[in-house]
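Below, each chain spelled out in residue letters.
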Amino acid sequence: GDLQIYTATDHLKGRCRKETTVSPALVYGVTPQFSLFINIPVATKLQLASSRSSGIGDVLVQGEYTIHEKEAPTHENLITIVGGISFPTGSTEKLPATGIDGAGFFLGTVASHLAHEWYVFASPGALFTTSRHGTKSGNQFLYQWGFGKNLAYKKDCFVLSWIVEFDGVYTQRTKKCSVITPNTGGNIFYIGPSLWFSTQHLIVQAGIACPVVQHLNG
């Protein structure tokens, strides 16, 4: 019965590329084991060389179900499965495109171990796209794991921790008019250290993710 509403903002800036996206979202706890997530990304500014666009992206509806949960006085182990559908509400006619011009199906899992001092997690997933009018964006395979440790905390007051994340995305090539586009897809792997601060009513996480492996096609 709990409802959480929030907004995430992303900004990416490169030599010939700029992206600013605002993503309002909500999470609703349907049962103690199942939650529903809805995300509506809106590109406020997309720029690729001299081309500019903006607009709504592909809406995502996602569910997460707890398949294993074990609590002890000193730790908690948790495993969930995640499944979602993205709808082609964005556009591929715009340049840069705001969507993938087809439905997408996401499947993943999250496993975590939380103790008083340490936190360890792993979260692999895959996004499978569908073909529409001979156009199909490449499937994506995502892998993420990390760990963290408490630096300081006060019971019922605050927690300060450091976290190191390892994030990777492998993307297959895109097809247009049923022909493979060579200059698409690839693999990129990030390492991201950050600091986490939380109270009973506030969560703040700040860090930086740096690509250490980057093999892009083209």
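Starting afresh in each chain, residues are numbered from 1 along the sequence in its written order. Totals for whole chains, interfaces and linings use every residue, but because this is a predicted model, local features are given only for residues with pLDDT of at least 70 and side-chain atom pairs only at 80 or more, for both listing and counting. Water and hydrogen atoms play no part in the side-chain values, which are based on all heavy atoms of the structure.

> Please set out the overall build of the protein chain residue by residue, giving values where relevant.
Each helix and strand counted, the protein chain has zero helices and 17 strands in total. In terms of its C-alpha atoms, the protein chain occupies a principal-axis envelope of roughly 60 × 35 × 25 Å. Here's how the labels work: a residue is buried when its accessible area is under 20% of the maximum for its type, exposed when over 50%, partly exposed in between, all with a 1.4 Å probe on protein chains only. Sorting the 218 residues of the protein chain into buried and exposed places 29% on the buried side. The criterion used for residue contact is that any of the two residues' heavy atoms lie within 4.5 Å. Sequence-distant contacts in the protein chain: of pairs separated by 6 or more residues, those separated by 24 or more amount to 47%. When the accessible area of the protein chain is evaluated, it comes to approximately 13700 Å², of which 62% is carbon and sulfur surface. What counts as a helix is a DSSP run of H or I of at least four residues, what counts as a strand is a run of E of at least two, and both are numbered from the N terminus. To measure how exposed things are, a 1.4 Å probe is used in the Shrake-Rupley method; for residues, cover is taken only from the protein chains shown.

> Account for the pairing of strand E8 (residues 104–115), with residues named and values stated.
Sheet analysis places strand E7 (residues 75–87) next to E8, joined by twelve bridges and oriented antiparallel. Residue pairing across strands places Asn-77 opposite His-113, the latter belonging to E8. One ladder, built from five bridges, connects E8 with strand E10 (residues 125–129); its direction is antiparallel. Along E10, the bridge assignment pairs Phe-106 with Leu-127. Here four bridges tie E8 to strand E9 (residues 118–122), and the two strands are oriented antiparallel to one another. A strand pair is defined by DSSP finding two or more bridges across the two strands.

> Explain the pairing of E10 to me, and be specific about the residues and the numbers.
Direction of pairing for E10 relative to strand E11 (residues 140–154): antiparallel, over a ladder of three bridges. Bridge pairing in E11 links Ala-126 to Phe-141.

> Outline the side chain of Glu-165, listing residues and values.
Looking at the secondary structure, you find Glu-165 in strand E12 (residues 158–171). No salt bridge is formed by the buried Glu-165; the nearest opposite charge belongs to Lys-149, separated by 18 Å. Pairs of N or O atoms within 3.5 Å make up the polar contacts considered here, provided that, within protein, one atom can donate a hydrogen while the other can accept it, and that residues adjacent in sequence are counted only when both atoms are side-chain atoms. Here Gln-144 takes part through its side chain, which lies 3.4 Å from a polar atom of the side chain of Glu-165. In this view, Glu-165 contacts Phe-121, Gln-144, Trp-145, Gly-146, Tyr-190, Ile-191, Gly-192 and Gln-205; residues no more than four positions away in its chain are not counted. Working convention for charge: Lys and Arg count positive, Asp and Glu count negative, and His plus the chain ends are omitted. Salt bridge, as applied in this entry: a Lys or Arg side-chain nitrogen positioned within 4 Å of an Asp or Glu carboxyl oxygen.

> Residues and numbers for unusual backbone geometry, please.
Residue Leu-95 is joined to Pro-96 through a cis peptide bond whose omega torsion reads 0°. The residue Pro-96 is located in the loop between E7 and E8 in this model. Residue Asp-156 is not a glycine yet carries a positive backbone phi of 60°. Tracing the sequence through the fold places Asp-156 in the loop between E11 and E12. On the basis of relative accessible area, Asp-156 is assigned to the exposed category, the value being 61%. With a phi angle near 55°, Cys-177 is a residue other than glycine that sits in the positive phi range. The residue Cys-177 is located in the loop between strand E13 (175–176) and strand E14 (179–180) in this model. Overall, the relative accessible area of 64% leaves Cys-177 in the exposed class.

> Describe the environment of Leu-107, with residues and values.
Considering the arrangement of structural elements, one finds Leu-107 in strand E8. The exposure class assigned to Leu-107 is exposed, which follows from its relative accessible area of 55%. Excluding anything up to four places from it in sequence, Leu-107 contacts Val-82, Gly-125 and Ala-126.

> So what's going on with the pattern of salt bridges? Which residues, and what values?
Taken as a whole and assessed by the stated rule, the structure comprises two salt bridges. With a shortest N-O distance of 2.6 Å, Arg-17 and Glu-19 are connected by a salt bridge. Classification of Glu-19 as partly exposed rests on a relative accessible area of 24%. A salt bridge links Lys-149 to Glu-117, with the shortest nitrogen-to-oxygen separation between them at 3.5 Å. With Lys-149 in strand E11 and Glu-117 in the loop between E8 and E9, the pair connects residues that are 32 residues apart, well separated along the chain. The class for Lys-149 is partly exposed, based on a relative accessible area of 26%.

> How would you explain the confidence of the model for the protein chain if you had to name every residue and give the values?
Per residue, pLDDT measures the predictor's confidence, with a range of 0 to 100. Chain-level statistics for the protein chain give a pLDDT mean of 92 and a share of 100% at 70 or above. Mean pLDDT values for the elements of the protein chain range from 84 in E13 up to 97 in strand E3 (residues 34–39).

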